[in-house]
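The primary structure of each chain is shown beneath.
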Amino acid sequence: MTKEPKTTDTLISQDKDLKQKSKQNDKVICKSCGALLGEAISPDTLKLYITEVTVRLCEENENPSVHNRSLYVENVIAARLVELSTTQSTFRFSVQDPSGKAYILLWLLNTDTLLVSSMETSICSSALISSQDSSCTEHKSQEASSVIKVLYLPCLKSQHQDVIDAWEKNIGVHQIPLPRKTCHDVLEILSRSTATLPPSMRTMNAFQAS
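Residues numbered from 1 in each chain as written. Predicted model: local features only at pLDDT ≥ 70, side-chain atom pairs only at ≥ 80, totals over all residues. Heavy atoms only, no water.

**Here's the deal with the state of the cysteines**
The tally for this structure, following the rule as stated, stands at 0 disulfides. With no disulfide of its own, Cys 155 lies 9.9 Å from the sulfur of Cys 183, the closest cysteine sulfur. Judged by relative accessible area, which is 8%, Cys 155 ranks as buried. (Disulfide = S-S within 2.5 Å. Buried < 20%, exposed > 50% of the residue type's maximum accessible area, 1.4 Å probe, protein only.)

This is the structure in structure tokens:
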């Protein structure tokens, strides 16, 4: 007597294979450098991370900040925070990795602070640039420039879990998904900015100032 195949097990196996392929196809990868650029939402829809791509017309002059990764990420994130605070009256943000896990909590305090650069710091757009980056030399200026002021809380450690949980449940917190490496880049930028402040101004409760 011939034994019939277990169709249920076969279908489950095929379903798992399809799900695995689907997850693999979700990622948009740069063929040149292998960087994660975004996700494929559907066959004709892509979601690209704002920190990973830039769009410009062929006749436009190339922005020097595009070749400076840290400067580019800093300017894009600062501009995004200002845009969301203006259009949606949102001032609290959760920077998340692709899995949806919170990486940094950001609290935008104001966008109208004026800062005068010195020999140790330089200003570009809405962000504070460290003078240790030699490629930013051309951006240094003694003129007052507009910068954004934020409080931030890294979510890498188990500390302040009550604060992290409260923010995750708050519908007023806007999520900003980024590749994990870019999340790390943003945290480094914030940490460098914090280091330029006087020790008495670097923290506020559980948050750090930048």
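**Topic: the sheet that holds strand S1 (residues 27-29)**
Two modes of strand pairing occur in sheets, parallel and antiparallel, and in both the strands are linked by backbone hydrogen bonds. An order of S1-S2-S3 is seen for the 3 strands of this open sheet, with the pairing classed as antiparallel. The open sheet has two free edges, formed respectively by S1 and strand S3 (45-48), since each of these has just one partner strand. Put simply, the sheet's adjacent strands are angled 35° from each other on average, direction ignored. Note: S1 against strand S2 (residues 36-42), 3 bridges, orientation antiparallel. Residue pairing across strands places Lys 27 opposite Glu 39, the latter belonging to S2. (Pairing = 2+ DSSP bridges. Helix = DSSP H or I, 4+ residues; strand = E, 2+ residues; numbered from the N terminus. Axes fitted to C-alpha atoms, helices over the stretch in contact; angles between N-to-C directions.)

**Considering the packing of helix H2 (residues 69-88) against helix H4 (residues 180-195)**
Here H2 crosses H4 at 90°, and the two axes come no closer than 10 Å. When the axes of H2 and H4 are compared, the pair comes out roughly perpendicular. Facing Arg 69, Ser 70, Val 73, Glu 74 and Ile 77 of H2, the residues of H4 in contact are Thr 182, Asp 185, Val 186, Ile 189 and Arg 192. In terms of residue class, the contact of H2 with H4 is made up of 4 nonpolar, 2 polar and 4 charged. (Parallel < 35°, antiparallel > 145°, perpendicular 65-115°, else oblique. Contact = heavy atoms within 4.5 Å. Nonpolar A, V, L, I, M, F, W, Y, C, P; charged D, E, K, R; others polar.)

**Regarding H4**
Spanning 16 residues, H4 covers 23 Å between terminal C-alpha atoms, matching the ideal 22 Å at 1.5 Å per step. What H4 keeps buried is the set Thr 182, Cys 183, Asp 185, Val 186, Leu 187, Ile 189, Leu 190, Ser 193 and Thr 194. (Expected span 1.5 Å × (residues − 1).)

**Observations concerning the packing of aromatic side chains**
Tallying each qualifying case throughout the model produces 3 aromatic pairs. Seen in terms of ring centroids, Trp 107 and Trp 167 are 5.8 Å apart; in terms of plane orientation they differ by 70°. Their pairing is edge-to-face. Taken as a pair, Trp 107 in strand S5 (residues 102-116) and Trp 167 in helix H3 (residues 161-169) lie far apart in primary sequence, 60 residues in all. Taken together through their ring pairs, the aromatic side chains of Trp 107, Trp 167 and Phe 207 make up a single cluster. Positioned above the aromatic ring of Trp 107, the side-chain terminus of Arg 92 is 5.3 Å from the ring centre. Seen from the ring of Trp 167, Arg 92 lies directly overhead, with NZ or CZ sitting 5.1 Å from the centre. (Phe/Tyr/Trp six-rings, centres within 6.5 Å; stacked < 30°, edge-to-face > 60°. Lys NZ or Arg CZ within 6 Å of the ring centre and 35° of its normal.)

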